[in-house]
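# Examining the three-dimensional arrangement
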Amino acid sequence: MQISWLQAAILGLFACLCSNSCMAGQAIGNYTIGRPLVGGLVCGIVLGNIPLGIACGVATQLVYIALVTPGGTVAADVRAISYIGIPLAMVAITSRGLNPMGTDAANMAKSLATLVGTVGSVLFYAVAFMNLIWQAFGWKDIQKGKLDRLYAVDFGWPWLSHLVFSFLPTLLMTHFGAQAVTALRDALPMDGIPMKTLFTVGAMLPCVGIAILLRQIINKALDFIPFLVGFTLAASLHLNLVSITIISLLFAAIMYEIEMAKGSNNGGSATVSASETIIDDDDEEDI
Amino acid sequence: MDVKKKKISHKTLSKSFNLWFWGALTCFSQEHMQTFGYLCSMLPIIKELYPNDNETQQKNIQAYTAFFNTNPMLGSVIIGTTASLEEARANGAGIDGQTINDMRAGLMGPIAGIGDSLIDGTLIPILLGIALGMSRNGSPVGAIFYIIVWDLIAYFGQRFLYFRGYKLGDQAVGFLVGKQGKAVRRAIGIVGGMVVGGVLATWVNVTTSLQLKDTTGHVFLNLQNQLDGIFPGILTVIVTLFCWWLMAKKHVSAIWTMIILIGVALVGVVLGVFNPGLKY
């Protein structure tokens, strides 16, 4: 499988739209176009193999099920995962002749996309850095009272940052990267230690994504119980996620009633000061 | 003095909201984060409240040049709130830029924390978990489901919060950081925990290939079967808790956790504990 210049350019455009500084708005750009599941669909359409694209997207999505960027720190970059990593994984899977729906293909996609995504976080910081130039324009405009120019600062100029650090890297890496991935096929046999390690890591990587979610949910040892109950429902009882969500609503309703009942004896001091409820979201590094 | 009360039109509020929705982070930098998104979404409001008065416009927009960063989804409630404060200021309510700024600064932390755990930590994993199930066989249905459902929730949810913030002014956030809000968050935390557990068990499967054989080649210990006899999927849970322990307790970054996993996998492959068993 090769990736033509035109295909690479379309992928580059999507990379601009979805990057963390979100040319298409946070909800549409980062949270929709940037999710690997959606990226898999887009890559599948662009490269003309939707099932393979979706399969890669599904596999990769797991690793990044919790893609949070608190304080603007990123450990992985969605434009690189979804629009460089997934296309390259599709090429690798096709050139190695793996079954697209199989576990091996999924683990390959996970490893490759994660690697690219982690390295790609450089692009995130590069765009943010270049935006400082446009922001400097913005401060001058406010000084001069030319407030209408602020729209250009927020919506126009950042496209230049993305042209340099989103469009071009995606264009070049998907076009030439596909050839490199195909060439690597002969250098690294499937039963050698590097490839075995790659696939094993691929199977483990989603654990990191889940662990990041856990870090948000778990404050004390007792908080592990809902997590383990959910795991048991799926692993031992083989319930699907909708069923688990519905069961969890029961516990949530009980918890809500208990919490509401707790405070009602002490005179209903309804306004809690904001400082009490500040949730610790220091600039930790998350993916 | 009988001055007609200034009122921001619905059209302008809509415009302000849409500017936030589409532009909250477009000119992101580590230094100012969402400041320019905020400036742009307040611009139509300031322009309408002080028409043809460039000097006041310029003076009032200064309040929004301060650093701002929060969860952009729930954060729209703050934008709506400042819109209503700005309207009160234009009507001479004795609010100054400093008051507005203090309120913004005090809210962005809690809202970021709540938003990140509710939206990124609970809602999106549930939606994605369901979507992944639909797309399991390479079908695009799951991805399309996610696109439609998430974007409808995100757009109308944020719009609702924005107008709620405008309507209630600085009381609007009382719900989110107050007692009822706390109870809701605790309850949703349970849903989040169980769903995350379910996602892990459904989608992740770490297995060992370690087998011990006696001299005749008869397998007398198949570690994976033994482990599954204790608790199905126990190895997956162990690896996840190990990652959690590294990051939460040892403050190892996500990237280093991944590198440590590569080390674990390499050693495991060499020792024969892990073997994906691949061939061409």
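Rules used throughout
- Residues numbered from 1 in each chain as written.
- Chains lettered and ligands numbered in written order.
- Predicted model: local features only at pLDDT ≥ 70, side-chain atom pairs only at ≥ 80, totals over all residues.
- Heavy atoms only, no water.
- Pairing = 2+ DSSP bridges.
- Helix = DSSP H or I, 4+ residues; strand = E, 2+ residues; numbered from the N terminus.
- Axes fitted to C-alpha atoms, helices over the stretch in contact; angles between N-to-C directions.
- Parallel < 35°, antiparallel > 145°, perpendicular 65-115°, else oblique.
- Left-handed = near helix turned anticlockwise from the far one by under 90°.
- Contact = heavy atoms within 4.5 Å.
- Nonpolar A, V, L, I, M, F, W, Y, C, P; charged D, E, K, R; others polar.
- Buried area = accessible area lost by both parts, 1.4 Å probe.
- Salt bridge = Lys/Arg side-chain N within 4 Å of Asp/Glu carboxyl O.
- Polar contact = N/O pair within 3.5 Å; in protein donor to acceptor, adjacent residues only side chain to side chain.
- Phe/Tyr/Trp six-rings, centres within 6.5 Å; stacked < 30°, edge-to-face > 60°.
- 1 Å grid on protein atoms, 1.4 Å probe; cavity = no way out; pocket = protein on both sides within 12 Å on 5 of 7 lines; lining within 4 Å.
- Points joined across faces, edges and corners; volume = space filled by probe spheres on them.
- Buried < 20%, exposed > 50% of the residue type's maximum accessible area, 1.4 Å probe, protein only.
- Disulfide = S-S within 2.5 Å.

Our focus in this paragraph is the pairing of strand S2 (residues 219-222) of chain B. Residues and elements named next belong to chain B. As judged from the three bridges shared by strand S1 (residues 211-213) and S2, these two strands associate in the antiparallel manner. By the bridge assignment, glutamine 211 is partnered in S2 with asparagine 222. Here S1 folds back onto S2 in antiparallel fashion, the turn holding five residues, of which glycine 217 has a positive phi close to 85°.

A packed helix pair is summarised by two numbers, namely the angle formed by the two axes and the spacing between the axes. Residue and element names in this part refer to chain A. The interhelical angle for the contact between helix H1 (residues 5-18) and helix H5 (residues 78-96), taken along N-to-C directions, is 160°, at an axis separation of 8 Å. If you check the angle between H1 and H5, you find them roughly antiparallel. The two elements H1 and H5 meet at a crossing, and its hand is right-handed. In this structure, H1 uses Leu11, Phe14, Ala15 and Cys18 to contact H5, whose residues at the interface are Val78, Arg79, Tyr83 and Pro87. Looking at the contact of H1 with H5 residue by residue, the class counts come to seven nonpolar, no polar and one charged.

The next subject is the interface of chain B and chain A. Interface size, as often reported, equals the accessible area lost upon joining of the parts. In this assembly, 121 residues from chain B lie in contact with 117 residues from chain A. Summed over both partners, the interface of chain B with chain A comes to about 10,600 Å²; 75% of that surface belongs to carbon and sulfur atoms. Taken together, the connections running from chain B to chain A amount to two salt bridges. Linking chain B with chain A are 14 residue pairs in polar contact (both at pLDDT 80 or more), by the criterion used here. For the side of chain B that touches chain A, the element with the highest residue contribution is helix H8 (residues 179-203) of chain B, accounting for 23 residues. Class assignment for the residues of the side of chain B that touches chain A results in 70 nonpolar, 39 polar and 12 charged.

Another point: the packing of aromatic side chains. All names here are of chain B. Evaluation of the coordinates by the stated rule reveals 23 aromatic pairs over all chains. Each ring, one from phenylalanine 21 and one from tryptophan 22, has its centre 5.4 Å from the other, and the planes form 85°; the classification is edge-to-face. Aromatic rings pair up to connect Phe17, Phe21, Trp22, Tyr155, Phe156, Tyr162 and Phe163 into one cluster.

Next up on the list: the layout of surface pockets. Counted as a void, the second largest pocket has a volume near 850 Å³. Thr103(A), Asn107(A), Lys110(A), Trp203(B) and Asn205(B) are, among the 41 residues lining the second largest pocket, the residues nearest its centre. Those elements giving two or more residues to the lining of the second largest pocket turn out to be helix H4 (50-63), helix H6 (103-144), helix H9 (193-217) and helix H10 (224-235) of chain A together with H8 and helix H9 (223-230) of chain B. The greatest single-element share of the lining of the second largest pocket, amounting to seven residues, is contributed by H6(A). Of the residues belonging to the lining of the second largest pocket, the class tally is 22 nonpolar, 15 polar and four charged.

What follows concerns unusual backbone geometry. Residue and element names in this part refer to chain B. One non-glycine residue, asparagine 52, adopts positive backbone phi at about 55°. Tracing the backbone through its elements, the reader meets asparagine 52 in the loop between helix H2 (35-49) and helix H3 (54-61). Residue asparagine 52 is classed as exposed on the basis of its relative accessible area, which comes to 83%.

The subject of this paragraph is the pattern of salt bridges. Scanning the model with the defined rule gives six salt bridges over all chains in all. With a shortest N-O distance of 3.2 Å, Arg186(B) and Glu259(A) are connected by a salt bridge. Taken together, the residues Arg186(B) in helix H8 and Glu259(A) in helix H11 (residues 241-264) connect one chain to another. We classify Glu259(A) as buried; its relative accessible area is 9%.

What follows is about the state of the cysteines. Counting across every chain of the model gives zero disulfides over all chains. Note on Cys56(A): no disulfide assigned, nearest cysteine sulfur contributed by Cys43(A) at a separation of 8.6 Å.

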